[in-house]
Amino acid sequence: MNILVTGAAGFIGTNFVNYWRERYPADSITVLDALTYAGNRSNLEAMLEHNGFTFVRGSICDYDLVMEVMQKHCVDTLVHFAAESHVDRSIDGPDAFIETNVVGTHTLLKAAKKLWLDNGGGNGAGDGSANKAGSARRGGHHFHHVSTDEVFGTLAGDDPAFCELTPYAPNSPYAASKAASDHLVRAYHHTYGLNVTTSNCSNNYGPYQFPEKLIPLCLVNILQGKPLPIYGDGKQIRDWLYVDDHSRGIDLILKRGRVGETYNIGGNSEYTNIDAVRLLCQLLDEEFSENGSLRERFPDGPCAALDPASSLINYVTDRPGHDTRYAIDAAKITSELGYTPAERFPGGLKKTVRWYLENESWWQCILDGSYRE
Ligand code: NAD
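The rules behind these values
Residues numbered from 1 in each chain as written. Predicted model: local features only at pLDDT ≥ 70, side-chain atom pairs only at ≥ 80, totals over all residues. Heavy atoms only, no water. Helix = DSSP H or I, 4+ residues; strand = E, 2+ residues; numbered from the N terminus. Salt bridge = Lys/Arg side-chain N within 4 Å of Asp/Glu carboxyl O. Buried < 20%, exposed > 50% of the residue type's maximum accessible area, 1.4 Å probe, protein only. Phe/Tyr/Trp six-rings, centres within 6.5 Å; stacked < 30°, edge-to-face > 60°. Lys NZ or Arg CZ within 6 Å of the ring centre and 35° of its normal. Pairing = 2+ DSSP bridges. Axes fitted to C-alpha atoms, helices over the stretch in contact; angles between N-to-C directions. Contact = heavy atoms within 4.5 Å. Near = heavy atom within 4 Å. Polar contact = N/O pair within 3.5 Å; in protein donor to acceptor, adjacent residues only side chain to side chain. Areas by Shrake-Rupley, 256 points an atom, 1.4 Å probe, with all protein chains shown as cover. Nonpolar A, V, L, I, M, F, W, Y, C, P; charged D, E, K, R; others polar. pLDDT = per-residue confidence, 0-100. Parallel < 35°, antiparallel > 145°, perpendicular 65-115°, else oblique. Left-handed = near helix turned anticlockwise from the far one by under 90°.

1. Description of unusual backbone geometry
Here comes step 1: Phi angles above zero are rare outside glycine, and Leu35 is one such case at about 50°.
Here comes step 2: Non-glycine residue Tyr208 carries a positive phi angle of around 70°.
Here comes step 3: Relative to the elements of secondary structure, Tyr208 occurs in the loop between strand 7 (203–205) and helix 6 (214–224).

2. Considering the pattern of salt bridges
Here comes step 1: Overall, the coordinates contain 12 salt bridges when judged by the stated rule.
Here comes step 2: The partner of Arg258 in a salt bridge is Glu261, and the shortest N-O contact between them spans 3.7 Å.
Here comes step 3: Arg258 sits in the partly exposed class, given a relative accessible area of 30%.
Here comes step 4: The class of Glu261 is partly exposed, set by a relative accessible area of 23%.
Here comes step 5: For Glu360, the salt bridge identified is with Arg297, shortest N-O distance 3.3 Å. Taken together, the positions of Glu360 in helix 12 (residues 360–367) and Arg297 in helix 9 (residues 292–297) put the pair 63 residues apart, joining distant regions of the chain.
Here comes step 6: Linked through salt bridges whose partners overlap, the residues forming this network are Arg258, Glu261, Lys332 and Glu336.

3. A short note on the packing of aromatic side chains
Here comes step 1: Inspection of the entire model under this criterion finds 22 aromatic pairs.
Here comes step 2: Summarising the aromatic geometry, the rings of Trp20 and Tyr24 are spaced 4.4 Å apart at their centres and angled 45° between planes, so their arrangement reads as tilted.
Here comes step 3: With centroids separated by 6.3 Å and ring planes inclined at 80°, the aromatic side chains of Phe97 and Tyr174 adopt a geometry described as edge-to-face. Residue Phe97 is found in helix 4 (residues 95–118), and its partner Tyr174 is found in helix 5 (residues 173–192); the two are separated by 77 residues along the sequence. No difference in accessibility class separates Phe97 from Tyr174, as the two residues are buried.
Here comes step 4: Each residue in the set Tyr205, Trp240, Tyr242, Tyr271 and Phe345 is aromatic and connected to the rest through ring pairs, giving one cluster.
Here comes step 5: Residue placement shows Arg89 over the ring face of Tyr37; its charged tip is 3.5 Å from the ring centre.

4. Quick look at the sheet that holds strand 2 (residues 28–33)
Two modes of strand pairing occur in sheets, parallel and antiparallel, and in both the strands are linked by backbone hydrogen bonds.
Here comes step 1: Across the sheet, 7 strands lie side by side as 3-2-1-4-5-6-10; this open sheet has parallel pairing. What marks the edges here is a single partner per strand, and that holds for strand 3 (53–57) and strand 10 (262–265). Looking at each pair of strands side by side, their axes are set apart by 20° on average, direction ignored.
Here comes step 2: Here 4 bridges tie strand 1 (residues 2–6) to strand 4 (residues 77–80), and the two strands are oriented parallel to one another. Across the sheet, residue Thr6 finds its bridge partner in strand 4, namely His80.
Here comes step 3: Relative to strand 2, helix 1 (residues 11–23) is tilted by about 170°, and along the sheet it contacts strand 1, strand 2, strand 3 and strand 4.
Here comes step 4: Sheet strands in contact with helix 5 are strand 5 (142–148) and strand 6 (196–201), and its direction is about 155° off that of strand 5.

5. Description of the pairing of strand 4
Here comes step 1: Residue alternation in strand 4 divides its side chains into two sets, Thr77 and Val79 and Leu78 and His80, and both sets are buried.
Here comes step 2: The pairing of strand 4 with strand 5 spans 4 bridges and is parallel. What sits directly across from Val79, in strand 5, is His144.

6. Here we look at the site of the ligand
Here comes step 1: If you check the shell around the ligand, you find 28 residues, and the closest are Ile12, Asp33, Ser85, Tyr174 and Lys178.
Here comes step 2: A distance of 2.8 Å separates an oxygen atom of the ligand from a polar atom in the backbone of Ile12.
Here comes step 3: Burial of the ligand by the surrounding chains reaches 96%, relative to a free accessible area of 830 Å².
Here comes step 4: Going through the elements one at a time, helix 1, strand 5, helix 5 and strand 7 are the ones with two or more residues in the shell around the ligand.
Here comes step 5: Taken together, the residues that form the shell around the ligand break down as 13 nonpolar, 13 polar and 2 charged.

7. A look at the confidence of the model for the protein chain
Here comes step 1: Overall, the predicted model of the protein chain reaches an average pLDDT of 94, with 95% of residues at or above 70.
Here comes step 2: In this model residues 122–133 is a low-confidence stretch, pLDDT under 50, and it forms 26 contacts with partners more than four residues away in sequence or in other chains.

8. Remarks on the environment of Ala38
Here comes step 1: Among the structural elements, Ala38 can be located in the loop between strand 2 and strand 3.
Here comes step 2: Take Ala38: its relative accessible area is 26%, and that puts it in the partly exposed class.
Here comes step 3: With 27 residues separating them along the chain, Ala38 and Phe11 place their C-alpha atoms 8.0 Å apart.
Here comes step 4: The contact partners of Ala38, leaving out residues within four places of it in the chain, are Ala9, Gly10 and Phe210.

9. Some thoughts on the packing of helix 6 against helix 11 (residues 345–358)
Here comes step 1: Across the interface, helix 6 lies against helix 11 with an axial gap of 11 Å and an inter-helix angle of 50°. If you check the angle between helix 6 and helix 11, you find them oblique. Here helix 6 runs over helix 11; the crossing is right-handed. For the pair helix 6 and helix 11, contact is made by Ile215, Pro216, Leu219, Val220 and Leu223 and by Phe345, Leu349, Thr352, Val353, Tyr356 and Leu357, respectively.
Here comes step 2: Residue composition of the contact of helix 6 with helix 11, by class: 10 nonpolar, 1 polar and no charged.

In structure tokens form, the structure reads like this:
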């Protein structure tokens, strides 16, 4: 495959290209990333040494650039992660979300249609309808769109989990922009025959996550002795998906997913936000009690004195329109493609804690801003 991965200098995209390179070293990977505040080029440093890996800095909203990159690298598979992804930022300033998530996705679709369908491109199937019964790769091109469970809105405690047929009801500007992009992807399949698939996944966690999201924010705050901000009563429920399980789910969809279909990818790990943070605190307490050198490296947090990290928990005013519960029913991808998450939250969180402890320079460069130089 000649894959174009958008947004791979961000959290999930970085993990995805690492996953892909390890398993499929013969494939060529091109990354297109605008390096917004959420993009970190150093994530891909080791990757740049490989033949068949190319990094292009630029926006998915730039049609000419997208066309040039896709043509130059003979792209036959596009995995689309690039987005504005933080709900709080979408509340403060929705414009960038509309631009990147809606206009940017449409720009990629337009370019893919032009090259793979209109021009024949050498990669295109021409008539997507011929592929409806089979795998998304049958036509030789494949556009996979990465979306979120937030498009489905919110659940009450005893509601059944979101399935692929749950009606869309996005509540934040972020979720609405992702919902709009999902609809555009669907329309390019039904109208023009583009070979598309979409995945809607739950909250990811793992290495390389920008420390503005709940898990890495609380993790680095514990190490620095800073408060752990918990919205409202902290009882909001989320399903937690270890990032490598997400990559595996996308891998299965790229290989055997049915064209035009959407697949939910979940972690089978529902936790309230406060329980997730309490578990994180407990894991750090354990790491510090077992490892004296951590107490020397991170003297500012309570763990250095073997006091509980949970003493930093600080309830703050709830986010406007905060969704109560998200839960994923992943039965479709499980029965059709054999997906099950390998990690449950406690195990995945322990790995994540270890990664942040071992990669302090990675997050320190973000905190002091030097990652953008
Ligand atoms: P992220 O914010 O960590 O990374 C986004 C990347 O996109 C960054 O590298 C950024 O530089 C790049 N980018 C932003 N605007 C761009 C543009 N105009 N052109 C090119 N690149 C641009 O995001 P993430 O957490 O890795 O999320 C990846 C995808 O997964 C997103 O589409 C997001 O909606 C979706 N998703 C994420 C989660 C999660 O828990 N993180 C859950 C569900 C779905």
